Amino acid sequence: MFASNTGISTSHNYFIEMNRGEARTFRVLLRPLEAGRLNWRFFFSNSVDSTWADGTESYAGLPGGRFEIVSASAGAADESAALTGDMIGVKWPQSVVEPGACVTSAPVEIDVPENGYIVYSWCLRALEDGCRLPATPDSQALCFVAEGDHCFDGQDAFTAEQMVALPDQFAADRNVRAQMVFMGDSITQGCGTRVNEYEQWATRIAMGMERDVAVWNIGLGYGRGEDAAQDGAWLNKARQGDIVNLCFGVNDIFQGCGPQLTENLRLAIRALHESEKHPKVVLLTIPPFDMTERNEEMWRSAVNAIREDGLGADAVFDIASMLCQPVPRDNFAAFGGHPDGRGGAAVAGEYLSHFWPRHRKALLGE
């Protein structure tokens, strides 16, 4: 079964703008959760998933522009990020991608060495002026860009750049029994961690999870529970999971959506439960972000509501207690508002060592 085989988020909260006829090649190197010779395929949703900042520039549900996939390739790199062979062509059945469309590539076999990388490139050409390519400026992966078509060229043709347009999912044909999704804001995406170090708590959980449970990280900077409650392209990705972890609240509070936070979380959880796969939902408490005064009041109220009621979720994981300073300063973050690698290790350790063993059977439906 094809399932996510990477732990770093490549979803979209912003976009790259190009004009008609412009062509650009984007490349990414990602460490797979399972290496070796596998069939891979790639999925792309031509919509912005979540709101950026106050939503004046980019917002959840904003459709991408009309563009052409000129060419695409995949290959492998070793631990030093050097290509291990020639790039192999990747076929996309729909070469022209319409606004809001979802497209999936044909499979391609790639042999990724242990501790190496899956390498993916595609050249996209704008078919209209002001063409939006959904992207995120906060990728924690090794990302590169080149003007024109360089899908089959070596790394010398590219320049390092974190703002790139990439597929949403890098899936491999693996022997898995369940798919787990992590959906949240920049704290889930891992914006406080070092690029290419795989220190994010969600990514660490993905690397430590049993091999027959696939993990897909779709966390995004500035993401809100309000975005999830809209039941758009972003939540539609989460629906593909058998277990969905939701971690929202910081941006809802900072962007003025705090009073509606618990209701928006209930709406998102209900929408997931009512979807075709009926996934189990794990709701996380709200990480501390040095909030004070009215924001602190909203944070404490929402955290207590999640701890006491669960808001309809199947389980609650208290991430706030893993990342906060001791009471009474538990509204302040111990590892930075955007947790660093130490915070990622603390959260992943608790999830894998205590939470998952305690809830595993119920969440897997055993």
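Since the model is a prediction, treat every value here as computed from it, not as a measurement.

A. Layout of unusual backbone geometry. Here the residue pair V327 and P328 is connected by a cis peptide bond, since its omega of 10° sits within 30 degrees of zero. Structurally, P328 can be placed in the loop between α8 (319-323) and α9 (341-364). One non-glycine residue, H278, lies in positive phi territory at about 45°. Structurally, H278 can be placed in the loop between α6 (261-273) and β18 (280-284). With relative accessibility at 52%, the residue H278 sits in the exposed group. Residue L311 is not a glycine yet carries a positive backbone phi of 55°. Structurally, L311 can be placed in the loop between α7 (293-309) and β19 (315-317).

B. Representation of the packing of aromatic side chains in the model. The tally for this structure, following the rule as stated, stands at 17 aromatic pairs. Ring centres of F44 and W122 lie 5.4 Å apart, and the angle between their planes is 75°; this geometry places the pair in the edge-to-face category. Of the two residues, F44 is situated in strand β4 (residues 36-45) and W122 in strand β10 (residues 117-126); the sequence distance between them amounts to 78 residues. For F44, a relative accessible area of 1% gives the class buried. On the basis of an interplanar angle of 85° and a centroid distance of 6.0 Å, the ring pair of Y120 and F170 is categorised as edge-to-face. Here Y120 is found in strand β10, whereas its partner F170 is found in strand β14 (residues 169-173), with 50 residues between them in sequence. Summarising the burial analysis for this pair, Y120 and F170 share the class buried. Each residue in the set F42, F44, F67, W92, Y120, W122 and F170 is aromatic and connected to the rest through ring pairs, giving one cluster. Stacked on the ring of F15, the Lys or Arg R132 has its end atom at 6.0 Å from the ring centre. The aromatic ring of F332 is capped on one face by R329, whose charged end is 4.3 Å from the ring centroid.

About the criteria used
Residues numbered from 1 in each chain as written. Predicted model: local features only at pLDDT ≥ 70, side-chain atom pairs only at ≥ 80, totals over all residues. Heavy atoms only, no water. Helix = DSSP H or I, 4+ residues; strand = E, 2+ residues; numbered from the N terminus. Buried < 20%, exposed > 50% of the residue type's maximum accessible area, 1.4 Å probe, protein only. Phe/Tyr/Trp six-rings, centres within 6.5 Å; stacked < 30°, edge-to-face > 60°. Lys NZ or Arg CZ within 6 Å of the ring centre and 35° of its normal.

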